[in-house]
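In case you want the letters, here they are:
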Amino acid sequence: MAQPGGSKPKRKVVDIHTHMYPAEYISILSSRTEIPLVRTFPSPSSPDPDPRLILLEAELPALEKALQDPSAPVPGRPLTKHFTSLPQKLHFMTTHGIDISVLSLANPWLDFLPASEAGAIAERINTAFEEMCSSSSNRAFFFFAALPLTAPLETIVSCITHVSQCLPHCRGVILGTSGLGSGLDDPALLPILRSLADHNLPVFLHPHYGLPSAVYGPRAAEEYGHVLPLALGFPMETTIAVARMYLAGVFDAVPELRMILAHSGGTLPFLAGRIESCVLHDERLAKEAEKKKTTASRRRRRSVWEVLRSQVYLDAVVYSEVGLKTAVEASGGGREGAERLMFGTDHPFFPPVGDEADSQGEWESVRLNAEAVKRALGEGSEEAELVMGGNAIRVLRLFE
């Protein structure tokens, strides 16, 4: 129904890529001696200590230096209330005009937990997210659950059943690229992916491990900040993980599996054609394809493009019109391609920086993503509105 004056009704804006750390998760990280961990340092501007989140191997040299030398720069990310506070999340949403947020635990999820503890901790963490979603009356929250992937298979499958049937605000799960420890092409992961598909739970795939620190060179840790691991390592990690799944036939083995790839699929939209060409020109894979042609019971290998346009969705966390147009084209182009992208902010990462930065105001990172959608698809267009919220509401069933 049109609003008074003939204007269109306001479409809901949905953020499908937004993280939080429940209090228990922070407590676990604070007790650890290996990454991931939380450490506190004296604050130059406050009597309270400054908690810092240390996630990446590349941060270890700076951590060791800071622990030995109080005057050295502190490593990691400030663990502000943006990571932990639901009222802060609500303020962020109001500032940026976001109506619905699909929360998820940030990397590295529960991948580091001992097998004996993982199942119980996963249940508590996921219940904490359900309580967050249930407690807010003036904004809509849903969440992606975390799985206890270090636990036995029966515990993981039980967790999938629990979040699907007992936590009404759960709309999928968030996974890293490690899977059970050997990557997402690991045959042992197939029963888990099948269970997720059977329960209609999409996988939100998010990177964490990046590339080996050595590839960034000896100057990176001291001079380049987090730019190389975050800008290049994370996208390549996602690209490699999904390419391995494709080559292993995972998408054919679990045809009902649906995946949402963080950061617009890394470099996958740009490199899909090169991956496809390499598959077609690989002697071993060509022989395998020929065998399948003569075996009536075996299906042909679908192309990378077919998988991208049938089982894969991309978030719109790419920060540029050029990147977003590539993601849309790789996903089918036009209206079809736009229907496979969903807006995200990656909050609370990429906050304002500098002496005059105001984390309570507008975030440049969010503005860049929103402007990319407008410029790539046309401000106010149906396609832009789908990316900003309509697709998420449809795909993740946010109206239920």
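As a reminder, the structure under discussion sits directly above these lines.
What counts and what doesn't
- Residues numbered from 1 in each chain as written.
- Predicted model: local features only at pLDDT ≥ 70, side-chain atom pairs only at ≥ 80, totals over all residues.
- Heavy atoms only, no water.
- Salt bridge = Lys/Arg side-chain N within 4 Å of Asp/Glu carboxyl O.
- Helix = DSSP H or I, 4+ residues; strand = E, 2+ residues; numbered from the N terminus.
- Buried < 20%, exposed > 50% of the residue type's maximum accessible area, 1.4 Å probe, protein only.
- Phe/Tyr/Trp six-rings, centres within 6.5 Å; stacked < 30°, edge-to-face > 60°.
- Pairing = 2+ DSSP bridges.
- Contact = heavy atoms within 4.5 Å.
- Axes fitted to C-alpha atoms, helices over the stretch in contact; angles between N-to-C directions.
- Core = buried A, V, L, I, M, F, W, Y, C linked by side-chain atoms within 4.5 Å.
- Expected span 1.5 Å × (residues − 1).
- Parallel < 35°, antiparallel > 145°, perpendicular 65-115°, else oblique.
- Left-handed = near helix turned anticlockwise from the far one by under 90°.
- Lys, Arg positive; Asp, Glu negative; His and termini not counted.
- Polar contact = N/O pair within 3.5 Å; in protein donor to acceptor, adjacent residues only side chain to side chain.

### Some thoughts on the pattern of salt bridges
- Inspection of every chain in the model, using the stated rule, returns 14 salt bridges.
- A salt bridge links R124 to E24, with the nearest nitrogen and oxygen atoms 2.8 Å apart. Here R124 is found in helix α4 (residues 115–135), whereas its partner E24 is found in helix α1 (residues 23–30), with 100 residues between them in sequence.
- On the accessibility criterion, R124 (42% relative accessible area) is partly exposed.
- Taking the shortest distance from any N to any O, the salt bridge between E222 and K65 comes out at 3.4 Å. Here K65 lies in helix α2 (residues 60–68) and E222 lies in helix α7 (residues 220–223), a separation of 157 residues in the sequence.
- One network of salt bridges, in which partners are shared, links E364, R367, E371 and R375.

### Quick look at the packing of aromatic side chains
- A full pass over the atoms with the stated rule returns eight aromatic pairs.
- Look at Y21 and Y25: their rings are 5.2 Å apart centre to centre, the planes differ by 10°, and that puts the pair in the stacked class.
- The exposure class assigned to Y21 is buried, which follows from its relative accessible area of 0%.
- Classification of Y25 by relative accessible area gives buried; the value is 0%.
- Ring geometry for F144 and F204: centres 5.3 Å apart, planes at 35°, overall tilted. Within this pair, whereas F144 is found in strand β6 (residues 140–146), its partner F204 is found in strand β8 (residues 203–205), the two being separated by 60 residues in sequence. Each member of the pair, F144 as well as F204, is classed as buried.
- Here the aromatic cluster, defined as three or more aromatic residues joined through ring pairs, consists of Y21, Y25, F83, F112 and F349.

### Section: the sheet that holds strand β3 (residues 50–54)
- Judged by pairing direction, the sheet is antiparallel, and its three strands sit side by side in the order β2-β3-β4 without closing on themselves. Edge positions in the sheet fall to β2 (37–41) and β4 (77–78), since each of these pairs with one other strand and no more.
- Here β3 runs beside β4; their pairing, made up of two bridges, is antiparallel. Within the sheet, the bridge partner assigned to R52 lies in β4 and is P78.
- Sheet contacts for α1: β2 and β3; angle to β2, the most-contacted strand, approximately 80°.

### Quick word on the pairing of strand β10 (residues 312–315)
- The side-chain alternation of β10 yields two buried faces, one formed by V312 and L314 and the other by Y313 and D315.
- Relative to strand β11 (residues 341–342), β10 is paired through two bridges, and the arrangement is parallel. Along β11, the bridge assignment pairs L314 with L341.

### So, the nonpolar core
- Counting residues in each nonpolar core, the largest one holds 114 residues, and the members touching the most others are Y21, L105, L110, L147 and L196.
- At seven residues, α4 tops the list of elements feeding residues into this core.
- Apart from the residues lying within four places of it in its own chain, the contact partners of Y21 are I26, L53, L55, L79, F83, T84, L105, A106, N107 and F349.
- Core analysis: the next-biggest nonpolar cluster, separate from the first, contains five residues, L37, I54, L63 and A66 among them.

### As for helix α10 (residues 268–280)
- In this model α10 runs 17 Å from its N-terminal to its C-terminal C-alpha over 13 residues, within 8% of the 18 Å that 1.5 Å per residue would give.
- For α10, the full list of buried residues reads L268, P269, A272, I275, E276 and V279.

### Looking at the packing of helix α13 (residues 321–330) against helix α15 (residues 364–377)
- At a minimum axis separation of 8 Å, α13 and α15 run at an interaxial angle of 60°. As summarised for this structure, α13 and α15 are arranged oblique, according to the angle between their axes. For the element pair α13 and α15, the recorded crossing hand is right-handed. Of α15, the residues touching α13 (which contributes E321, L324, K325 and V328) are A372, V373, R375, A376 and L377.

### A look at the side chain of E237
- With respect to the helices and strands, the residue E237 is situated in helix α8 (residues 227–247).
- Although buried, E237 forms no salt bridge, and the nearest oppositely charged side chain, R244, lies 9.3 Å from it.
- Within polar-contact distance, the side chain of E237 engages the backbone nitrogen of H208 at 3.0 Å.
- Those residues within four positions of E237 in sequence are excluded, and the remaining contacts are T177, P207, H208, Y209 and G210.

### Overview of the environment of L280
- Summarising the element assignment, L280 is placed in helix α10.
- As a C-alpha pair, L280 and S303 span 23 residues in sequence and 9.6 Å in three-dimensional space.

### Some points on the sheet that holds strand β5 (residues 100–105)
- Pairing within the open sheet is parallel, and its eight strands lie in the order β1-β5-β6-β7-β8-β9-β10-β11. Only two strands of the sheet have a single partner each, and these edge strands are β1 (14–20) and β11.
- As judged from the three bridges shared by strand β9 (residues 259–261) and β10, these two strands associate in the parallel manner. By the bridge assignment for β10, L261 is matched with L314.

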